[in-house]
Amino acid sequence: MNILGIESSCDETAASVVSDGCLMHSSVVASQINLHESTGGIVPEVAARAHLQAIVPVIEQAMLDAKCDWSDIDAIGATNGPGLPGALLIGFNAARGLAYSRNIPLIPVDHIEGHIRACWLNESPPPLPALALVVSGGHTELIRIEENNTFVRLGSTRDDAAGEAFDKVARLLGLPYPGGPPLSALAETAQERQLKLPRAWLRGTNDFSFSGLKTAVLNLLKENDHPAPAEIAWAFQESVCDVLAKKTRNLAEKENVKSVLVAGGVAANRRLREVLAEHISIELRIPPPNLCTDNGAMIAAAAYAHKNNAVNAKSPLDIEPTAMRKKRLRSTETAR
Ligand code: KG4
Ligand code: ZN
């Protein structure tokens, strides 16, 4: 089954053709990074306009790269939430129009599940039950995936998401947006590696908190003789990676899962991948960096998992900027 996956929830317009939820034939991503650099973050209307300009060329390129004809496409999967409303509307309505005109099923996809499904773009599916750590610009969550593919959220951030913390601290250090990659590159140049920044363990919970760490960096930078920016970047990255890896390991042991999956933009971080590998002794699956950040292939993979929930593009459908996850993910309280 060939699925065209379309993603436009934030600042990347992406499309991809994937067979049977695992074999990727193409993946085209138009990034808006340069556009948002001058504002140091995303202006939603600017993002929506850029999606509008990119959506058709990106889909056409994904079809060309996959050497596909429209008659080869069996269904279209598209992100319908969570995300920026204006951005979501562009990709989802493009998908809807295409599905309508081709008379093929349309499969709405939750963006967070999409990130996790990037771990299925592989020769074999991950062993279940699994524990997924999702670390993106908007989310930091620990999710248990049952053998019947039910997703149960066990923990999440109480304030900033991990990627958001990288972006905010990068900004404090005068680095461009998005801050994860430049902050990580700066950290690798640190000469002294003694500085220790706080870690919020929130013991007895599976939750995270990164806002105190950000404030610690801010306070440190106010001191006249503060450590070099590279040392601060290194200490910040160590603190985030330490907490993410240890809390994930502890929960994986408690939940007795067979694999740990890591997904979302921050999963592209080289140091995080290294620290996780040191701590996790069961199967650890982290997609290649280009499939950690937003892409269409993960959406096609998630759509395949929900192929039985396909809808007719003519039926009344809408984007769900925030509500989708609440419905699909049972919370800790109701789950156990
Ligand atoms: O998953 P993603 O592409 O978009 C969202 O769904 O949010 O994640 C983007 C986030 C940004 O905060 C970015 O700074 C972070 O992922 N990121 C990284 C790295 N690459 C991207 N953070 C740390 N290290 C990286 N190498
Ligand atoms: Zn994302």
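Data block above holds the structure.
Every chain is numbered independently, its residues counted from 1 as its sequence is written. Labels follow written order: the first chain is A, the first ligand is 1, and so on. Under the rules for a predicted model, residues below a pLDDT of 70 receive no local features and side-chain atom pairs below 80 are neither given nor counted, while totals for whole chains, interfaces and linings still include all residues. Note: side-chain values were computed over all heavy atoms of the structure, leaving out hydrogens and water.

Draft legend 1. Focus on the nonpolar core. Note on terminology: a nonpolar core comprises buried Ala, Val, Leu, Ile, Met, Phe, Trp, Tyr and Cys residues joined through side-chain atoms within 4.5 Å. When a residue's accessible area, from a 1.4 Å probe over protein chains only, is under 20% of the maximum for its type it is buried; when over 50% it is exposed; and in between it is partly exposed. Judged by nonpolar contacts, the single largest core of 46 residues is most densely connected at Val135, Leu183, Leu197, Phe236, Leu244 and Val262. We count a stretch as a helix when DSSP gives it H or I for four or more residues in a row; a strand needs E for two or more, and each element gets its number in order from the N terminus. Contributions of two or more residues to this core are made by strand S6 (130-135), strand S8 (151-156), helix H5 (162-172), helix H6 (180-187), helix H7 (211-222), helix H8 (229-255), strand S9 (259-263) and helix H9 (270-279). When residues of this core are assigned to their parent elements, the largest contribution, 13 residues, is made by H8. Ignoring any residue separated from it by four or fewer positions in sequence, one finds Val262 in contact with Cys119, Leu133, Val135, Ala267, Leu276, Leu284, Arg285, Ile286 and Pro287. Judged by nonpolar contacts, the second largest core, of 27 residues, contains Ala15, Ile76, Ile90 and Ala95. Contact definition: two residues touch when any of their heavy atoms are within 4.5 Å.

Draft legend 2. Quick peek at unusual backbone geometry. In this structure, the amide linkage connecting Gly81 to the following residue, Pro82, adopts the cis form with an omega of -10°. Note that the residue after Tyr177, namely Pro178, is joined by a cis bond; omega there is -10°. With respect to the helices, strands and loops of the structure, Pro178 is situated in the loop between H5 and H6. One non-glycine residue, Asn149, lies in the positive phi region at around 70°. Locating Asn149 in the fold gives a position in the loop between strand S7 (140-145) and S8. For Asn149, a relative accessible area of 34% translates into the label partly exposed.

Draft legend 3. Region of interest: the site of ligand 1. Around ligand 1 lies a shell of 19 residues, among which His115, Gly137, Asp167, Gly265 and Asn269 are the nearest. What qualifies as a polar contact is a pair of N or O atoms within 3.5 Å, subject to a donor-acceptor requirement within protein and to the restriction that residues adjacent in sequence count only when both atoms come from side chains. Interatomic distance of 3.1 Å between a side-chain N/O atom of His111 and an oxygen atom of ligand 1. Gly137 places a main-chain nitrogen or oxygen 2.8 Å from an oxygen atom of ligand 1. For the shell around ligand 1, the secondary-structure elements that each account for two or more residues are helix H4 (111-117), H5 and H6. Looking at the shell around ligand 1, the element that brings in the most residues is H5, giving 3 residues. Polar here means any residue outside two lists: the nonpolar Ala, Val, Leu, Ile, Met, Phe, Trp, Tyr, Cys and Pro, and the charged Asp, Glu, Lys and Arg; Gly therefore counts as polar. In the shell around ligand 1, the residues fall into 5 nonpolar, 12 polar and 2 charged. Here a residue is near a molecule or strand as soon as one of its heavy atoms is found within 4 Å of it.

Draft legend 4. The sheet that holds strand S10 (residues 283-285), seen in detail. Two strands are said to pair when DSSP picks up at least two bridges between them. Within the open sheet, the 5 strands sit side by side as S8-S7-S6-S9-S10. Their pairing is mixed. Each edge of the sheet is formed by a strand with only one pairing partner; in this case those strands are S8 and S10. Strand-to-strand twist of the sheet, defined as the mean angle between neighbouring strand axes without regard to direction, takes the value 20°. Where S6 lies against S7, 6 bridges are found, and the strand directions are antiparallel. Across the sheet, the residue bridging to Ala130 is Ile145, located in S7. In this fold H8 packs onto S6, S7, S8 and S9, with an angle of close to 160° to the strand it touches most, S6. Only the contacting stretch of a helix is used when fitting its axis, a line to C-alpha atoms as for every element, and angles between N-to-C directions run 0 to 180 degrees.

Draft legend 5. Quick look at H7. The span you would expect from a helix comes to 1.5 Å times its residue count less one. The terminal C-alpha atoms of H7 lie 17 Å apart, and with 12 residues this matches the ideal 16 Å at 1.5 Å per residue to within 8%. For H7, the set of buried residues is Leu213, Lys214, Ala216, Val217 and Leu220. Seen from one end, H7 has its buried residues packed into an arc of 155°, which puts them on one side. Of the surrounding elements, those touching the buried residues of H7 are H5 and H8. This arc describes the spread of directions from the helix axis toward the C-beta atoms.

Draft legend 6. Structural view of the pattern of salt bridges. A pair is scored as a salt bridge if a Lys or Arg side-chain nitrogen falls within 4 Å of a carboxyl oxygen belonging to Asp or Glu. Per the stated rule, a full pass over the model turns up 15 salt bridges. Residues Arg270 and Glu188 are paired through a salt bridge, measuring 2.7 Å at the closest nitrogen-oxygen approach. With a gap of 82 residues between them, Arg270 in helix H9 and Glu188 in the loop between H6 and H7 connect regions that are remote in the sequence. Residue classification places Arg270 among the partly exposed positions, given a relative accessible area of 43%.

Draft legend 7. Highlighting the coordination of the zinc ion (ligand 2). Any N, O or S atom lying within 2.8 Å of the metal counts as a donor, with the limit raised to 3.2 Å for Na, K and Ca; because water is left out of the atom set, some sites can appear incomplete. Here the zinc ion (ligand 2) is held by His111 (NE2), His115 (NE2) and Asp294 (OD), and the distances to it run 2.0 to 2.1 Å. Labels for metal geometry use angle windows, namely 85 to 135 degrees for all angles of a four-donor tetrahedral site, and for square planar (four donors) or octahedral (six donors) sites opposite donors over 155 degrees apart plus all others within 65 to 115; sites meeting none of these are irregular. Viewed at the metal, the 4 donor atoms of the zinc ion (ligand 2) are separated by angles of 95 to 132°, and the geometry they form is tetrahedral. The sequence motif formed by the donor residues of the zinc ion (ligand 2) is H-x3-H-x178-D. Here Asp294 lies in the loop between helix H10 (289-292) and helix H11 (296-305) and His111 lies in helix H4, a separation of 183 residues in the sequence. Among the residues examined, Asp294 registers a relative accessible area of 11% and is labelled buried.

Draft legend 8. Looking closely at the pairing of S9. Of all 5 residues in S9, 5 are buried; the element is thus mostly enclosed. A two-sided burial pattern is seen for S9, the buried positions comprising Ser259, Leu261 and Ala263 on one face and Val260 and Val262 on the other. The pairing of S6 with S9 spans 5 bridges and is classified as parallel. For Val134, the partnering residue across the bridge sits in S9 and is Ala263. Judged from the 3 bridges that link them, S9 and S10 form a sheet pairing that is parallel. Each bridged residue has a counterpart across the sheet, and for Leu261 the counterpart in S10 is Arg285. By convention, a crossover is right-handed whenever its connection, traced from the first strand over the helix to the second and viewed with the strands pointing away, goes clockwise. Each parallel crossover has a hand, and for S9 linked through H9 to S10 it is right-handed.

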